[in-house]
Amino acid sequence: MEKTEESRSIRTDVSGMIVKGFGYLFISLFALCCLLPFLLVLGTSFTSESSIKKHGFNIWPREFSTFAYKIVFENPDLIIGSYIVTLGITIVGTVVGLFIVAMTGYALQRPDFGYRNSISFFIYFTTLFSGGLVPFYLLMTQYLSLRDNYLAVLLPGLLSPFLIIMMKSFVRSIPHAITESAKIDGAGDFTIFLKLILPMTTPALATIGLFIALGYWNEWYNSMLFLSPDMKYRPLQLFLYKVVTSAEYVRNSAAASNVELRDVPLESMKMATAVVATGPVIFFYPFVQRYFIKGITVGAVKG
Amino acid sequence: METTMVEREPQKKLQRMDGGKLRRFWNNKTLLLMCVPAIVSFFIFAYLPMPGLYLAFINYNYSDGIFKSPFVAFENFRFLVINGDLWRLSFNTVAYNLVFIVLGNVLQIFVAILLNEIRRKWFKKITQTLMFLPHFISAVLIGLIAYNILSYDYGLLNGILQSFGMEPVKTYSDPKIWPFIIVLTYLWQSTGYGSIIYFAAIMGLDNEIIEASEIDGANAFQRILYIVLPWLKPTFIILMLFSLGGILKGNFGLFFNLVGANNTALYPTTDIIETYVFRALMTNFNFSIGSAVSLYQSVFGFFVVLSANWLVKKTSPENSLF
């Protein structure tokens, strides 16, 4: 990569300059399109409600106001509770899920594991055929009684065939000879996995862990299906979903903080909640992005 | 001699298999144990619901439960065909997915090639970070962003239209413009992320080939057209076939959050299999109809995967799924 950069920058022909110029232009515009909607949400959250009613949503607030945030944080109990629930589910789910994914991925790529193919098929088949939503819902609510239980969000999100396959292809790059020599030294399979393989797969663990963590942080579907509105503390995204979709909900939480009904900043409160619910991920994400790129790249190259 | 062979052979095999099976189990016990959590988890959350598809063949009612509700065989499917739901859902789901696959891949390749042409590292880093951003937010936020732009009263789009003296559009009641909105949102969300795969593939291209072509006088367009694009063809085919397998699977989060749960006006152009099943469960409580659609989706999808896999096997056997 480095080498071509030099050798190509020496010979600049017209066509190369056209392509380059167009590249800078197009990529800039596209990147801007990816950013602007976020600024729109951010800007609107700081705009006074009267300005929104008059001028509509804008990226730059015409009348700056932090009123929406004041109301969101007036009753910090709800939002803090949501944060704790989401954080808890994310941390527990990521740690447990990552461990199981790594363990399964390692076992399934061992060439000397006799049941490798049948178990792989058992897992892979779930991506081909599924019972669908209704039987899943009945199973969760009637047979496992997981309604209004955080486990209903935690458990189904632990594993995915995709991540196990990804782990498998990662571990495959570690020579099998390491496992074999450890075996000769008398180490058991589980010890080999724990002491030898896990430390060597840190980049893979980071990538897959991030996938799982992000999945939990953004989770709203199972929350919506299985956690009823009566629950006081709900995962952040469900909290956001309620705020976005029901004006009733916003009025209630505003009433709880003694705001007159006509003064409720309906629109800016939606945006403020979105900023609060998304914020940490966005700040965190530029730092972790390179792991994702690495993960996708390796997954793509190795299949 | 022949008879003894025939008689002896199965006996020997049987013995070997019995001893071998046990030994195999014993030798693999730790690795097997390591797979148990995953096996249990997939068994419960993926396999246990499968027999529940029996719901598709009964007229389920809550009081009788699954086993006492009347068996109606294919009545639910007949109903779905006659009222046209099945056709509409299939058409929408497949059409959206085809457009997603084709336009998505084309745009991803396009972006990957342009990224490859760009030399400034800081520019590449910043733009990649920005293009990645939409992929990492929740579907709920995407719905809110769409509302931010499309809302009739306050939306940015109508604000812009009005500042140019044009009529505001009633986005949320006009089914005709929704295919564009949904496809654009999909492209917005997936391009940055998807282009990484192609970008990585381009990185694998041998520099000497490109240098040789430049010595031979190829310009940038020719280089892209005759070297880079053909180089990406296998990746493109594999990715396309992979996504073909999911052609009956919708992008529930995207559709549900963009359109909203009860916007009946938009159903003709926005209703896909999964939003329909969701409504059957949560709004209409018609469990049997919901299951019938799911079963149709699974079976049909299964055959699409098989055909896709057959196609891969023909084009590049080493990449086939099974």
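The structure presented is a predicted model; accordingly, all values stated were derived computationally and were not measured.

The rules we used
- Residues numbered from 1 in each chain as written.
- Chains lettered and ligands numbered in written order.
- Predicted model: local features only at pLDDT ≥ 70, side-chain atom pairs only at ≥ 80, totals over all residues.
- Heavy atoms only, no water.
- Phe/Tyr/Trp six-rings, centres within 6.5 Å; stacked < 30°, edge-to-face > 60°.
- Helix = DSSP H or I, 4+ residues; strand = E, 2+ residues; numbered from the N terminus.
- pLDDT = per-residue confidence, 0-100.
- Contact = heavy atoms within 4.5 Å.
- Buried area = accessible area lost by both parts, 1.4 Å probe.
- Salt bridge = Lys/Arg side-chain N within 4 Å of Asp/Glu carboxyl O.
- Polar contact = N/O pair within 3.5 Å; in protein donor to acceptor, adjacent residues only side chain to side chain.
- Axes fitted to C-alpha atoms, helices over the stretch in contact; angles between N-to-C directions.
- Parallel < 35°, antiparallel > 145°, perpendicular 65-115°, else oblique.
- Nonpolar A, V, L, I, M, F, W, Y, C, P; charged D, E, K, R; others polar.

J.: Any chance you could explain the packing of aromatic side chains here in plain terms?
T.: For any two aromatic rings, the description comes down to two numbers: the centre-to-centre distance and the angle of the planes. Residue and element names in this part refer to chain B. Applying the stated rule across the entire model yields 51 aromatic pairs over all chains. Ring geometry for phenylalanine 57 and phenylalanine 74: centres 5.5 Å apart, planes at 85 degrees, overall edge-to-face. Note that phenylalanine 57 is positioned in the loop between α2 (29-47) and α3 (65-68) and phenylalanine 74 in the loop between α3 and α4 (75-82), a separation of 17 residues in sequence. Note on phenylalanine 136 and tyrosine 193: the rings are 6.5 Å apart at their centroids and 80 degrees apart in plane angle, and the pair reads as edge-to-face. Placement of phenylalanine 136 in the loop between α6 (121-132) and α7 (139-150) and of tyrosine 193 in helix α9 (residues 178-203) is noted, with a sequence separation of 57 residues between them.

J.: Whenever I open this one, the confidence of the model for chain A confuses me. Can you help?
T.: Any residue range with low pLDDT should be treated as having predicted coordinates unsuitable for detailed reading. Residue and element names in this part refer to chain A. Of all residues in chain A, 91% have pLDDT values of 70 or greater, and the mean over the chain is 85. Within chain A, no element has a lower average pLDDT than helix α1 (residues 2-10), which sits at 48, and none a higher one than helix α8 (residues 151-154), at 95. Counted against residues more than four places away or in other chains, residues 1-7, with its pLDDT under 50, gives ten contacts.

J.: Would you explain the interface of chain A and chain B in this entry?
T.: When the parts of a complex come together, some accessible area is lost, and that lost area is often used as the size of the interface. At the junction of the two partners, chain A supplies 104 residues and chain B supplies 100 residues. Between chain A and chain B lies a buried interface of about 9,400 Å² when both sides are counted; carbon and sulfur atoms form 76% of it. Put simply, chain A and chain B have zero salt bridges between them. Where chain A meets chain B, there are 14 residue pairs in polar contact (both at pLDDT 80 or more).

J.: When you look at the confidence of the model for chain B in this model, what are you seeing that I'm missing?
T.: When the pLDDT values of chain B are averaged, the result is 86; 93% of them are 70 or greater. Within the model, pLDDT remains below 50 along residues 1-15 of chain B, and this stretch shows zero contacts once partners closer than five positions in the same chain are excluded.

J.: Explain unusual backbone geometry here, please?
T.: Note on backbone geometry: most residues besides glycine have negative phi, and most peptide bonds are trans. At A:Asp148, a position not held by glycine, the phi torsion is positive, near 55 degrees. Structurally, A:Asp148 can be placed in the loop between α7 (133-143) and α8. The phi dihedral of B:Phe285 falls on the positive side, at around 50 degrees, and the residue is not glycine. Take B:Phe285: it is sitting in the loop between α14 (273-282) and α15 (287-315).

J.: I would appreciate a short explanation of the packing of helix α2 (residues 14-45) of chain A against helix α11 (residues 220-245) of chain B in the present structure.
T.: Packed helix pairs are specified by the crossing angle of their axes together with the interaxial distance, meaning the distance between the axes. Packing of α2(A) against α11(B) leaves a shortest axis separation of 7 Å and a crossing angle of 75 degrees. On the basis of the axis angle, α2(A) is roughly perpendicular to α11(B). Where α2(A) abuts α11(B), its residues A:Ser15, A:Gly16, A:Ile18 and A:Val19 lie against B:Ala220, B:Phe221 and B:Ile224. When the residues that make up the contact of α2(A) with α11(B) are grouped by side-chain class, the tally is five nonpolar, two polar and no charged.

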